[in-house]
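# Working through the structure, step by step
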Amino acid sequence: MRKASYWCLGLTVALGVVTTRAITAAQGPSDRAIAALAQDNGNGNAYGKIRCGTRDLDEATARAADDYARAMFAQVGGSRAAGEAPIPVYWHVINNGTGTAGDIPDSQINAQIAVLNAAYANANAGYSFALAGVTRTTNAAWYTATNGTTAERNMKNALRQGSADDLNIYSNNMGGGLLGWATFPSSYASSPKMDGVAILFSSVPGGTTVPYNEGDTATHEVGHWLGLYHTFQGGCSNSGDLVSDTAAERSPAYGCPVNRDSCAGKKFPGADPITNFMDYTDDVCMDTFTSGQVSRIDAQWTTYRNGK
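Residues numbered from 1 in each chain as written. Predicted model: local features only at pLDDT ≥ 70, side-chain atom pairs only at ≥ 80, totals over all residues. Heavy atoms only, no water.

## So, the overall build of the chain
Across its full length, the chain holds seven helices and seven strands. For the chain, the N- to C-terminal ordering of α and β elements is β-β-α-α-β-α-β-α-α-β-β-β-α-α. Looking at the chain as a whole, 54% of its 308 residues are labelled buried. Within the chain, counting contacts between residues at least 6 apart in sequence, those at least 24 apart form 74% of the total. (Helix = DSSP H or I, 4+ residues; strand = E, 2+ residues; numbered from the N terminus. Buried < 20%, exposed > 50% of the residue type's maximum accessible area, 1.4 Å probe, protein only. Contact = heavy atoms within 4.5 Å.)

Printed below as a string of C-alpha cells:
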C-alpha cells in the first residue's frame, strides 16, 4: 500500500478550437505557513502537512483539458494500442556533491521504477516504465530548486531528454516542506522543456523521509504527469476531480484516517478515497487507482503524449 504529492499546468478550449497555454503556477506555502504546520504536526516534520507546492487547476481549465482529451480519444475509437512499449524514464540526480545524501545510488532508482511498475500494474492501467538513462549533476542552485524558479528552468533546459512520451524525473532536495511536483500532459505543447516530474530525493524507496519513503511521491507525481488531478480537487462539489468513481473529498487526507467522510449526505455517497494514490496520505496507506482514473489517463496520454 502507498502514497504521494504535486503541481499543475493546463489548457483551455474556446469555440471548439484548442489553445494551449501555460497556466501560471500558484506559489507554494510561505515559510511562515510551513513553520506553523510543522509545529502543529508536533514532530518537527513539515512533510506531515505540506506535500504540494501549487494549487489545483481551476475547474474551467481542468474541464477544458479533460473535455478536449475525451473528444480526441473518442475519435480514435476510445482505446489505446495494445502492447505499447514501456515509457522511457530519464532520471536526473541533482546532488550537492558526489557521494552526498542527494546522490542516490542506482539501486534506489531501480527500486523506484519497480514501485511505479507495481502501482500501475495493480491498477490494470497498461502502463509500464523502463529506465532509459541516469544523469548525475552537482549544482548547488539546482539541488534546492523548487517549481516556478529560475533554477528549475535552468535545470530542465539543460537536462531534459526525449519528447512528450518520455518521462523525465528530477530528484533533489527541494525543501520548503515539499515532496514533489509535476506538469500535466496538456502543458507539453507550450512548454516542452519544462515537462516532467520532480521529487524529493529522500522519498524514494529506502529514503529517510518517513512516512513518505516507499516511493509513492513519484507514483502520485507520475499520476499528474499522466493527467490525473488530486482526489480532493473541487472539494464537496459535483465535478470534483472530474472522475466519477472517486468519492468527493473536502480536503486532503493525512496519515491513514480510515472511514473519513468529509463530504457527507446522500449527494456525496462513499467515504473519502484515502487509499487513492492521488490523495495526500502516507505511502503505506496508498494502493489504488480507479477504473475512471485509468480511462482519464488513456484519453490524456493518447491526446497529448503518445507519439508527440
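Back to the text.
## Concerning the packing of aromatic side chains
Within this structure, the stated rule accounts for ten aromatic pairs. Measuring from centroid to centroid gives 5.1 Å for phenylalanine 184 and tyrosine 229, while their planes differ by 80°, and the two rings are edge-to-face. Of this pair, phenylalanine 184 sits in the loop between β6 (180-182) and β7 (197-200) while tyrosine 229 sits in the loop between α6 (216-225) and α7 (291-305), and the two are 45 residues apart along the sequence. The exposure classification of phenylalanine 184 matches that of tyrosine 229, with both residues buried. Positioned above the aromatic ring of tyrosine 229 is the side chain of arginine 296, whose terminal nitrogen or guanidinium carbon lies 4.2 Å from the ring centre. Against the face of tryptophan 225 rests arginine 305, its NZ or CZ located 3.9 Å from the ring centre. (Phe/Tyr/Trp six-rings, centres within 6.5 Å; stacked < 30°, edge-to-face > 60°. Lys NZ or Arg CZ within 6 Å of the ring centre and 35° of its normal.)

## Here we look at the confidence of the model for the chain
When pLDDT is averaged along the chain, the result is 82, and 81% of the positions lie at 70 or above. Low pLDDT, under 50, characterises residues 1-48; the predicted model gives this stretch 151 contacts beyond four residues in sequence or across chains. (pLDDT = per-residue confidence, 0-100.)

## So, the environment of phenylalanine 184
Judged by relative accessible area, which is 1%, phenylalanine 184 ranks as buried. A sequence separation of 45 residues divides phenylalanine 184 from tyrosine 229, and the C-alpha atoms of the two residues are 9.1 Å apart.

## Some details on helix α3 (residues 106-122)
Residue pairs spaced three or four apart in an α-helix point in one direction, given the helix's 3.6 residues per turn. Compared with an ideal rise of 1.5 Å per residue, which puts 17 residues at 24 Å, α3 spans 24 Å between its outermost C-alpha atoms and is within 8% of the ideal. Turning to α3, its buried residues number three or more, namely Gln108, Ile109, Gln112, Ile113, Val115, Leu116, Ala119 and Tyr120. Looking straight down α3, one finds its buried side chains confined to an arc of 155°; they lie on one side. Residues of α3 that are exposed and point more than 90 degrees away from the buried face comprise Ser107 and Asn122. For α3, the elements touching its buried residues are β3 (87-95), β4 (129-138), β5 (167-172), β7, α6 and α7. Directly after α3, the chain includes asparagine 124, whose backbone phi takes a positive value near 55°. (Expected span 1.5 Å × (residues − 1). Arc of directions from axis to C-beta.)

## Comments concerning the pattern of salt bridges
If you walk through the whole model with that rule in mind, you get ten salt bridges. Across the pair aspartate 66 and arginine 296 runs a salt bridge whose closest N-O atoms are separated by 2.7 Å. Of this pair, aspartate 66 sits in helix α2 (residues 59-75) while arginine 296 sits in helix α7, and the two are 230 residues apart along the sequence. Classification of arginine 296 as buried rests on a relative accessible area of 1%. In the salt-bridge network here, residues are joined through shared partners; they are Asp66, Arg70 and Arg296. (Salt bridge = Lys/Arg side-chain N within 4 Å of Asp/Glu carboxyl O.)

## Brief notes about the pairing of β3
For a regular strand, the rule is simple: side chains alternate between the two faces of the sheet. Burial of β3 is extensive: eight of the nine residues sit out of reach of the surface. Judged from the nine bridges that link them, β3 and β4 form a sheet pairing that is parallel. Paired with isoleucine 87 across the two strands is phenylalanine 129, which belongs to β4. The parallel pair β3 and β4 is bridged by α3, and the resulting crossover is right-handed. Relative to β5, β3 runs parallel, the two being bridged by five bridges. Bridge assignment links histidine 92 to a residue of β5, and that residue is tyrosine 170. (Pairing = 2+ DSSP bridges. Right-handed = clockwise from strand over helix to strand, strands pointing away.)

## Section: the state of the cysteines
Inspection of the entire model under this criterion finds two disulfides. For cysteine 236, the disulfide goes to cysteine 263, at an S-S distance of 1.9 Å. An S-S torsion of about -90° defines the bridge between cysteine 236 and cysteine 263 as left-handed. Of this pair, cysteine 236 sits in the loop between α6 and α7 while cysteine 263 sits in the loop between α6 and α7, and the two are 27 residues apart along the sequence. (Disulfide = S-S within 2.5 Å.)

## A look at α7
Here α7 spans 20 Å end to end across 15 residues, near enough to the 21 Å set by a 1.5 Å rise per residue. The element α7 is largely enclosed, with a buried count of 13 among its 15 residues. Glycine 307, located one to two residues past α7, shows a positive phi value of around 75°.

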